[in-house]
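What follows is each chain in one-letter form.
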Amino acid sequence: MAKTEFHKMDYSGDYLEVGATHNWWLTHSDYTRVNLISVQVNVSAHPWVFLPHYYSLIPSELSVENVRSRVTENGLVMYFRVKNTGPNPVAYYGVGISFIDE
């Protein structure tokens with residue numbers, strides 16, 4: 001049976017303007033629970049929507065690009081980029097990362 005480990009991070013701050021990117025990195029020191037040979041990594045980013053029944057929804061879209069990893073003496077480091085590919089700036093978004101070991 002597959003084992004899944006999930007991490008969630010949030011961004012809030014200056015607007016991520018249309019076409020702009022944020023660079024992220026993630027370290028994980030306890031990879032003894034994850035088989036790196038057969039692991040699948042999924043990264044997603046999504047804009048937050050607050051109280052949609054009070055505010056009109058603002059069209060927004062994010063993409064995750066340039067996902068890569070590096071093994072160091074301290075463990076695995078993952079790098080990726082979140083890009084605003086939508087028509088409006090985004091001030092808040094979430095990033096989800098899943099490690100799926102089959």
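Just above, that's the structure.
Residues numbered from 1 in each chain as written. Predicted model: local features only at pLDDT ≥ 70, side-chain atom pairs only at ≥ 80, totals over all residues. Heavy atoms only, no water.

Caption draft 1: A look at the overall build of the chain. When helices and strands are counted, the chain shows zero helices and six strands. Written out in order from the N terminus, the α and β elements of the chain read β-β-β-β-β-β. Buried residues in the chain amount to 33% of all 102 residues. Within the chain, contacts between residues separated by at least 24 positions form 72% of all contacts whose residues are at least 6 apart in sequence. On the chain, roughly 6900 Å² of surface is accessible, and the fraction owed to carbon and sulfur atoms is 53%. (Helix = DSSP H or I, 4+ residues; strand = E, 2+ residues; numbered from the N terminus. Buried < 20%, exposed > 50% of the residue type's maximum accessible area, 1.4 Å probe, protein only. Contact = heavy atoms within 4.5 Å. Areas by Shrake-Rupley, 256 points an atom, 1.4 Å probe, with all protein chains shown as cover.)

Caption draft 2: Up close: the pairing of strand β4 (residues 62-72). In this structure, β4 lies alongside strand β5 (residues 75-84), joined through nine bridges in antiparallel fashion. Across the sheet, the residue bridging to Val71 is Leu76, located in β5. Once β4 ends, the chain turns through two residues before running back antiparallel as β5. (Pairing = 2+ DSSP bridges.)

Caption draft 3: Structural context of the sheet that holds strand β3 (residues 39-47). In spatial order, the strands read β1-β6-β3; together these three strands make up an open sheet with antiparallel pairing. Sheet topology places β1 (3-16) and β3 at the edges, where each strand pairs with a single neighbour. Taken pair by pair, the neighbouring strands of this sheet meet at an average axis angle of 15 degrees, ignoring direction. Of the pairings in the sheet, the one linking β3 to strand β6 (residues 90-101) comprises nine bridges and is antiparallel in character. Bridge pairing in β6 places Ala45 opposite Val95. (Axes fitted to C-alpha atoms, helices over the stretch in contact; angles between N-to-C directions.)

Caption draft 4: The nonpolar core, seen in detail. In this structure, Trp24, Phe80, Val82, Tyr93, Val95 and Ile97 are the most contacted members of the largest nonpolar core, which totals 16 residues. Mapped by element, the contributors of at least two residues to this core are β1, β2 (21-28), β3, β5 and β6. With five residues, the single largest contributor to this core is β6. Trp24 has contacts with Met9, Asp10, Tyr11, Met78, Tyr79, Phe80, Val82, Tyr93 and Val95, leaving out every residue within four places of it along the chain. (Core = buried A, V, L, I, M, F, W, Y, C linked by side-chain atoms within 4.5 Å.)

Caption draft 5: Molecular detail of the side chain of Ser98. Mapped onto the elements of the fold, Ser98 is located in strand β6. Setting aside residues up to four positions removed in sequence, Ser98 forms contacts with Glu5, Phe6, Gln40, Val41 and Asn42.

Caption draft 6: Broad picture of unusual backbone geometry. Here Asn66, not a glycine, exhibits a phi torsion of approximately 55 degrees, which is positive. Tracing the backbone through its elements, the reader meets Asn66 in strand β4.

Caption draft 7: Fine view of the environment of Asn74. Examined against the element boundaries, Asn74 turns out to sit in the loop between β4 and β5. Classification of Asn74 as exposed rests on a relative accessible area of 61%. Separated by 47 residues in the primary sequence, Asn74 and Thr27 place their C-alpha atoms 8.8 Å from one another.

Note that every value here comes from positions in space, so none of it alone points to a role or purpose.
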